[in-house]
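Descriptive analysis of the structure
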Amino acid sequence: MKGLRVMRDLVKKRKSQVRYCEKLSNGQSVHVYFWREKEFVSGQMVYVWNVAAIITDSRKKANNWKNHNRRGIKEKATGKAGLEGLKKALDIILEFKYRLKPNEYLFVVFDDEKRKKAYRWLERYGFMEFHKNGKLIAYGTFNPLLGQWTQKE
């Protein structure tokens, strides 16, 4: 856990929502959203933090994408930051996992096969597959400083 940077939560009034934003060299920004929901995991009720990330040129576009995406409406992301944006989003996600409490998990859910293949790289950083009804639905992790993952269903 070397060199954690100070991340500023941009949604201070809601404890179940967190948003981070970082400027990129091309003028766009990467916006990473976390929101907490109650889930039934391994036979017990726990809190699950979900994550979504988008690269765009304005906060308004990012918020519109997030709010519509959450309702199940697919919006086209048009970010052009390449690996720089993905790397910064990954750094934010990896730092966020150290903020999890003992009864909380962090899940990265995917919409399609392209993202599923890309997110598989998270296994290199301690994320594990999470299955529901025999189907892979997310890559998940816990705070590595607090305990072990119990993956049943």
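See above for the structure.
Let me begin by describing the structure that accompanies this report. Bear in mind the structure is a predicted one, so any value in this text is a computation, not a measurement. (Residues numbered from 1 in each chain as written. Predicted model: local features only at pLDDT ≥ 70, side-chain atom pairs only at ≥ 80, totals over all residues. Heavy atoms only, no water.)

**Considering the overall build of the chain**
For the chain, the helix and strand inventory stands at three helices and six strands. When the elements of the chain are put in sequence order from the N terminus, they spell out β-β-β-α-α-β-α-β-β. Taking all 153 residues of the chain together, 37% fall into the buried category. The long-range fraction of contacts in the chain, counting pairs at least 24 apart against all pairs at least 6 apart in sequence, stands at 53%. Summed over all atoms, the accessible surface of the chain reaches about 10,000 Å², with 51% contributed by carbon and sulfur. (Helix = DSSP H or I, 4+ residues; strand = E, 2+ residues; numbered from the N terminus. Buried < 20%, exposed > 50% of the residue type's maximum accessible area, 1.4 Å probe, protein only. Contact = heavy atoms within 4.5 Å. Areas by Shrake-Rupley, 256 points an atom, 1.4 Å probe, with all protein chains shown as cover.)

**Here's the deal with the nonpolar core**
Val32, Phe34, Phe96, Leu106 and Phe127 are the most contacted members of the largest nonpolar core, which has 23 residues in total. Listing elements by their share of this core, those giving two or more residues are β1 (17–23), β2 (29–41), β3 (44–56), α2 (82–96), β4 (104–109) and β6 (135–141). Here this core gets six residues from one element, more than from any other, and that element is α2. Here Val32 is in contact with Val18, Arg19, Tyr20, Val51, Ala52, Ala53, Ala89, Ile92 and Ile93, once residues within four sequence places are set aside. Counting residues in each nonpolar core, the second largest holds seven residues, with Val46, Val48, Tyr105 and Ala138 among its members. (Core = buried A, V, L, I, M, F, W, Y, C linked by side-chain atoms within 4.5 Å.)

**Some remarks on the packing of aromatic side chains**
Following the criterion strictly, the structure yields six aromatic pairs and no others. Ring centres of Trp49 and Phe96 lie 5.3 Å apart, and the angle between their planes is 75°; this geometry places the pair in the edge-to-face category. Note that Trp49 is positioned in strand β3 and Phe96 in helix α2, a separation of 47 residues in sequence. Across the pair, exposure class does not vary: Trp49 and Phe96 are buried alike. In this structure an aromatic cluster arises from ring pairing among Tyr20, Phe34, Trp49 and Phe96. Positioned above the aromatic ring of Tyr47, the side-chain terminus of Arg36 is 4.4 Å from the ring centre. (Phe/Tyr/Trp six-rings, centres within 6.5 Å; stacked < 30°, edge-to-face > 60°. Lys NZ or Arg CZ within 6 Å of the ring centre and 35° of its normal.)

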